[in-house]
Amino acid sequence: MIRVAGPSATVHVDGTPVEASFTPRLPGGPAVAGDRVDVDLRAGTGVVKAVRPRRTLLSRGEFSTRNRARPLVANADLLIVVAAAADPPFRPRFVDRYLVAGEFGGLDCALVITKMDLSHDAELIARAAQVYGDVGYPVITGSSDDPGTVARVRDLIGGRAAALCGHSGVGKSSLTRGLTGVARAVGDVSRRVGKGRHTTTDPRFIPMPGGGAVVDTAGVRTFYVPPMDPEDLAHGFPEIQAAAAGCRFRGCRHGGEAGCAVPGNVSPGRLDSYRRLLASIVT
Ligand SMILES: Nc1nc2c(ncn2[C@@H]2O[C@H](COP(=O)(O)OP(=O)(O)O)[C@@H](O)[C@H]2O)c(=O)[nH]1
Ligand SMILES: [Mg+2]
Ligand SMILES: [Zn+2]
């Protein structure tokens, strides 16, 4: 496992953290949290020589969906999309984009809705929990500081490696603290690199007592799904994929074609997300 901070990284070698730099034009890179890497230790400090093939990779579109993919977390088993019932407001279309990125990266996905203790639109949240639960995603509603909620999230993770993603302020760091006992700064660590506007973060997996690990990723204001084909996009909506079996034409993109079986069989909001994303990836 690796923790990346700009030009250097902390690599765990047989459980011992070793500071390391990167070889130029790192094969398989850039390295991100969760990567397994080959390290040369002969030089006193480590040199990361290559990134090993990834089992899963969570990534996002850089600047836009049509731009290149930016890797975020490698080798996580589970993506936990964290969204607040209120403050910031619950945005299902944002949740959908994260789920698409998770499915695309080969991760299992789940939804945790926090801040249920705050005043919120109970009907909206209940409906959302129903919609995502019907798709097949585990849904947990509660509060980040509530031990019962934390216990349910811990059970969901089991012994796996989970990435917590979502808007800034939804409770990712609070949950991470509850799950691991490690208090990271509230508000994600981000630093300026060079003099450009490019910022980087150094998320890392933190082990949970009793097994499993979580990585608390930086909250983003806008989340773009990574570049992908329409087929991959449909795969990111399992219920649309399932309903598509009834479409008249093979290769139907469910964008309003004759004989499309998807509208009426899936949640209108989810279909809206799918169509917006389809428009964003098809030029
Ligand atoms: N009332 C309430 N406050 C919460 C909850 N989760 C997080 N907060 C608060 O919301 C703020 C942002 O939480 P933080 O964990 O830093 O969110 P992050 O940006 O997603 O990491 C902090 O002041 C937390 O105490 C929750 O479930 N209920
Ligand atoms: Mg945070
Ligand atoms: Zn269709």
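Just so it is clear, the structure is predicted and the values come from calculations on it, not from any experiment.

About the criteria used
Residues numbered from 1 in each chain as written. Chains lettered and ligands numbered in written order. Predicted model: local features only at pLDDT ≥ 70, side-chain atom pairs only at ≥ 80, totals over all residues. Axes fitted to C-alpha atoms, helices over the stretch in contact; angles between N-to-C directions. Helix = DSSP H or I, 4+ residues; strand = E, 2+ residues; numbered from the N terminus. Parallel < 35°, antiparallel > 145°, perpendicular 65-115°, else oblique. Contact = placed C-beta atoms within 7 Å. Nonpolar A, V, L, I, M, F, W, Y, C, P; charged D, E, K, R; others polar. Pairing = 2+ DSSP bridges. Domains from an automatic or database assignment. Near = placed C-beta within 6 Å. Buried ≥ 20, exposed ≤ 12 C-beta atoms within 10 Å, placed from the backbone. Core = buried A, V, L, I, M, F, W, Y, C linked by C-beta atoms within 7 Å.

J.: Help me out: how do you make sense of the packing of helix α3 (residues 147–157) against helix α4 (residues 172–180) in this one?
T.: What describes two packed helices is the angle between their axes and the distance between those same axes. Contact geometry for α3 and α4: axes closest at 10 Å, N-to-C directions at 75°. Between α3 and α4, the crossing angle belongs to the class labelled roughly perpendicular. Residues V150, V153 and R154 of α3 form the contact with α4, whose own contacting residues are L175, G178 and L179. Here the contact of α3 with α4 is built from residues that sort into 4 nonpolar, 1 polar and 1 charged.

J.: Would you mind showing me how to read the sheet that holds strand β8 (residues 78–84) here?
T.: Through backbone hydrogen bonds, the strands of a sheet pair up, either in parallel or in antiparallel fashion. Spatially, β10-β9-β8-β11-β15-β14 is the arrangement adopted by the 6 strands of the open sheet, whose pairing is mixed. The open sheet is flanked by β10 (139–141) and β14 (205–207), the only strands paired with a single partner. The sheet shows a mean angle of 25° between the axes of neighbouring strands, taken without regard to direction. As judged from the 7 bridges shared by β8 and strand β9 (residues 108–114), these two strands associate in the parallel manner.

J.: Hey, could you run me through the domain arrangement of the chain in this one?
T.: It is common to give the size of an interface as the accessible area that goes away when the parts come together. When its domains are assigned, the chain resolves into domain 1 (2–51), domain 2 (57–216) and domain 3 (230–281). Between the C-alpha centres of domain 2 and domain 3 there is a distance of 25 Å. On the domain 3 side, the residues contacting the 11 residues of domain 2 number 13 residues. Of the residues that constitute the side of domain 2 that touches domain 3, the class distribution is 6 nonpolar, 2 polar and 3 charged.

J.: What am I meant to see in the site of ligand 1 here?
T.: Neighbouring residues of ligand 1: 16 residues in total, closest S143, S144, G171, S173 and S174. Taken together, the residues of the shell around ligand 1 break down into 3 nonpolar, 10 polar and 3 charged.

J.: Honestly, the environment of D87 in this entry has me stumped. Any pointers?
T.: If you trace the backbone, D87 turns up in the loop between β8 and α1 (92–104). Excluding anything up to four places from it in sequence, D87 contacts K115 and L118.

J.: Is there a simple way to explain the environment of A110 in this structure?
T.: Relative to the helices and strands, A110 is located in strand β9. Separated by 17 residues in the primary sequence, A110 and R127 have C-alpha atoms spaced 16 Å apart. With sequence-adjacent residues up to four places away left out, A110 is seen in contact with L78, I80, Y137, P138 and L156.

J.: For this particular structure, what's the right way to read the pairing of strand β15 (residues 213–216)?
T.: Look at any regular strand and the pattern is simple: side chains alternate between the two faces of the sheet. Neither face of β15 is exposed, since A213 and V215 on one face and V214 and D216 on the opposite face are all buried. Both strand β11 (residues 161–165) and β15 contribute to a ladder of 4 bridges, which runs parallel. When the sheet's bridge partners are listed, A162 is paired in β15 with V214. Bridge analysis of β14 against β15 gives 3 bridges, and the strand direction is antiparallel. When the bridges of β15 are listed, F205 appears paired with V215.

J.: I keep staring at the nonpolar core and nothing clicks. Help me out?
T.: Counting residues in hydrophobic clusters, the biggest one holds 73 residues, and the most contacted among them are A76, L79, I80, V81 and A163. If near-sequence neighbours (up to four positions away) are discounted, I80 is found in contact with A110, V112, A162, A163 and L164.

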